[in-house]
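# Analysis of the macromolecular model
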Amino acid sequence: MAAHLSYGRVNLNILREAARKELREFLDKCAGSKAIVWDEYLTGPFGLIAQYSLLKEHEVEKMFTLKSGRLPSADVKNIIFFVRPRLELMDIIAENVFSEDKHHSSRDFHILFVPRRSMLCEQRLKEQGVLGSFINIDEYILDLIPYDGDLLSMEYESAFRECYLENDQTSLYHTAKGLMTLQALYGTIPQIYGKGDCARHVANMMLRMKREFAGTQNQILPVFDTLLLLDRNVDLLTPLATQLTYEGLIDEIYGINNGYVKLPPEKFAQKKQGEASKDLPTEPKKLQLNSAEELYAEIRDKNFNAVGAALSKKAKIISAAFEERHNAKTVGEIKQFVSQLPHMQAARSSLANHTSIAELIKDITTSEAFFDNLTVEQEFMTGVDTDKVNTYIEDCIAQKDPLIKILRLVCMQSVCNNGLKQKVLDYYKREILQTYGYEHILTLNNLEKGGLLKPQTSSRNNYPTIRKTLKLWMEDANEQNPNDISYVYSGYAPLSIRLTQVLARPGWRSIEEVLKMLPGPHFEERQQLPSGLHKKRQQGENRTTLVFFLGGVTYAEIAALRFLSQMEDSGMEYIIATTKLVNGTTWIKSLMDRPESQMT
């Protein structure tokens, strides 16, 4: 199941196994049959660590979703609540426990906080009069979850909002703790670089924690050479842009959650001759997406315009493989063909799925609306008319297009112009509030606080200088056979990844001026390694850098880093970690105060 986690340069299965071991130990503390009551948000991330089979081995017989009222009936000795430390969830738990106490007095209750215990939550349970009902109150430290062979995420959806709007650094503490866990398993990371205020905080916390554990240094040869901590607000532009890689577009259009995507079922129905179409499935088609699937690993990071050719090439290879059966004459040859059959059938079904997904996406990317939107994005990125009201945005508001689409474009214009003239900003705000409702004044205020939509304070716009110095716009980006990271946005090279690329070679000293223009400090720290643990590098051996995005990362940025890892002359392999996998829509949604009304 998790074999793909160990294919890469760093075996991330070690991290998954450590998390599974802790889970087993906790379940064994609660002797006897068990029912787990899940905080719904945790089921996705947990699914990447442990399947139901593991829970079953430890006497878990039933699983329920946490909701108010009575718990469903279950003939078990233990009821375990798996929850995030949120006060509103404590009230629901109290309600559950009260209703159980009335009906079953012999049950044992336990609570497992993920990722940390919370005094406030325990206090709330005490106020509700149920704290004494719990036999075990524990924490399950699930900070970094392996999503793929080179990708870790904390799936902490409110991290950006907490850091930049609420001045709450809880997520940074979890990040530092997660990095300490990583170092306990993979060795001390000798070099730390960072850019941004949050990056500075995380590095300081890590160094402090390391001093506190000074006596217990682990004797593990370091797997990572460098850690790069990057604040999301150093590059606010990239997540706002429409991703143009295959995986990025799947996420933009359908949303990838915990490695799964739900798709319209019509495209995947196996229609048989003469069968009525009324029996078509109505349930969304749920597919798992990771590098364990050979074809997906091959096409996920390609620009969408190169996916069609890759799929038809694959189709020819699979057809040729199936044709081989006619050439199998001897028993040995037939036996060999039969042994390859399961693999070939899996490849054929994988090809059918991805051809259907590509068709669904193509219907959207070839539409006029998609093209118009992309054209405006690219004009902003290249600095065309960023200082005045954009007629396309005006038209979209007049047609009452989805609010998030409008906000993404207006924020993008603001970021590319280092803020909007007060007159332009006021006009946009007025139009948005009059069209979508005055309750969105809170959202506009949040976007301003987060630096995404702001008035121009100085007459100087630094974006053109940053764009030219870091070559953020490449004319004629080669989408089919890329030679630069800009292919992931068909011309725009993500600023965050350019910074990563320059750090590797020739180093940040060469761009001091640009770094000063970007928000927050940049720094370098070294961590002393115990003697005898210094790596002796083999000739031609690549270095490994862990790039940690604080506040979220997009699939297009991940694709760009994978591209850099594969470049022959880069000498560097990248592992990616983040607080949350985001796209422009989910990111803006996390900053909205009433996201449920965003479609009205």
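Up top is the structure.
Residues numbered from 1 in each chain as written. Predicted model: local features only at pLDDT ≥ 70, side-chain atom pairs only at ≥ 80, totals over all residues. Heavy atoms only, no water.

## Concerning unusual backbone geometry
Phi is mostly negative for residues that are not glycine, and the peptide bonds are mostly trans. Test applied: Helix numbering and strand numbering both begin at the N terminus, where a helix is a DSSP run of H or I of at least 4 residues and a strand a DSSP run of E of at least 2. Per-residue accessibility, obtained with a 1.4 Å probe over protein chains only, is compared with the maximum for each type, and a residue is labelled buried under 20%, exposed over 50%, and partly exposed between these values.
Omega for the peptide link from valine 114 to proline 115 comes to 0°, which places this bond in the cis form. Inspection of the secondary structure assignment puts proline 115 in the loop between β4 (108–113) and α5 (119–127). Of the consecutive residues arginine 505 and proline 506, the connecting peptide bond is found in the cis state with omega at 10°. Tracing the sequence through the fold places proline 506 in the loop between α20 (495–504) and α21 (512–517). The phi torsion at asparagine 258 lies on the positive side, around 50°, for a residue other than glycine. One can find asparagine 258 in the loop between β10 (256–257) and β11 (260–263). Judged by relative accessible area, which is 16%, asparagine 258 ranks as buried. Phi is positive for aspartate 385, which is not a glycine, with a value near 50°. Along the chain, aspartate 385 turns up in the loop between α14 (368–381) and α15 (391–398).

## Section: the sheet that holds strand β13 (residues 522–526)
Applied cut-off: Should DSSP find at least two bridges between two strands, the strands are regarded as paired. Axis definition: a line fitted to C-alpha atoms, limited for helices to the stretch in contact. Angles are taken between N-to-C directions and run from 0 to 180 degrees.
Reading across from one edge, β6-β7-β15-β14-β9-β8-β13 is the order of the seven strands in this open sheet, with mixed pairing throughout. Every other strand in the sheet has two partners, leaving β6 (145–148) and β13 as the edge strands with one partner each. For this sheet, the mean angle separating the axes of adjacent strands, direction not counted, is 20°. Looking at chain direction, strand β7 (residues 151–153) and strand β15 (residues 572–578) are connected through three bridges and run parallel. Bridge pairing in β15 links serine 153 to threonine 578.

## Overview of the sheet that holds strand β2 (residues 60–65)
Read across the sheet, five strands follow the order β2-β1-β3-β4-β5 without closing on themselves; strand pairing throughout is parallel. The sheet is open, and its two edges are formed by β2 and β5 (134–139), each paired on a single side. Neighbour-to-neighbour, the strand axes of the sheet open up by a mean angle of 20°, direction not taken into account. Alignment of strand β3 (residues 78–83) against β4, held across six bridges, turns out to be parallel. Bridge pairing in β4 links valine 83 to phenylalanine 113.

## Some thoughts on the side chain of asparagine 233
For clarity, the cut-off: We define a polar contact as two N or O atoms separated by no more than 3.5 Å, with the added condition that, inside protein, one atom must be a possible hydrogen donor and the other a possible acceptor, whereas residues neighbouring each other in sequence contribute only through side-chain atom pairs. Contacts were defined at the residue level, with two residues in contact if any of their heavy atoms lie within 4.5 Å.
Checked against the element boundaries, asparagine 233 lands in the loop between β9 (226–231) and α9 (237–240). Look at asparagine 233 and you get buried, because its relative accessible area is 16%. Side-chain polar atoms of asparagine 233 contact the side chain of tyrosine 164, separated by 3.2 Å. For asparagine 233, the residues in contact, after removing those within four places along its chain, are Phe160, Tyr164 and Pro519.

## Notes on the pairing of β6
Where β6 lies against β7, three bridges are found, and the strand directions are antiparallel. Within β7, the residue paired with proline 146 across the bridge is leucine 152. Taking the residues between adjacent antiparallel strands as the criterion, β6 and β7 are bridged by two residues.

## Considerations on the pattern of salt bridges
As a reminder of what qualifies: Salt bridges are identified by distance alone: a Lys or Arg side-chain nitrogen within 4 Å of an Asp or Glu carboxyl oxygen.
Overall, the coordinates contain 33 salt bridges when judged by the stated rule. A salt bridge links aspartate 235 to arginine 232, with the nearest nitrogen and oxygen atoms 3.3 Å apart. With respect to class, aspartate 235 is no different from arginine 232; both count as buried. The closest approach of N and O atoms between lysine 516 and glutamate 513, which form a salt bridge, is 3.8 Å. Taken as a pair, lysine 516 and glutamate 513 lie in helix α21 at a separation of three residues, close to a single helical turn. A single burial state applies to lysine 516 and to glutamate 513, both of which are exposed. Members of the salt-bridge network, linked through shared partners, are Asp148, Asp150, Glu247, Arg300, Asp301 and Arg562.

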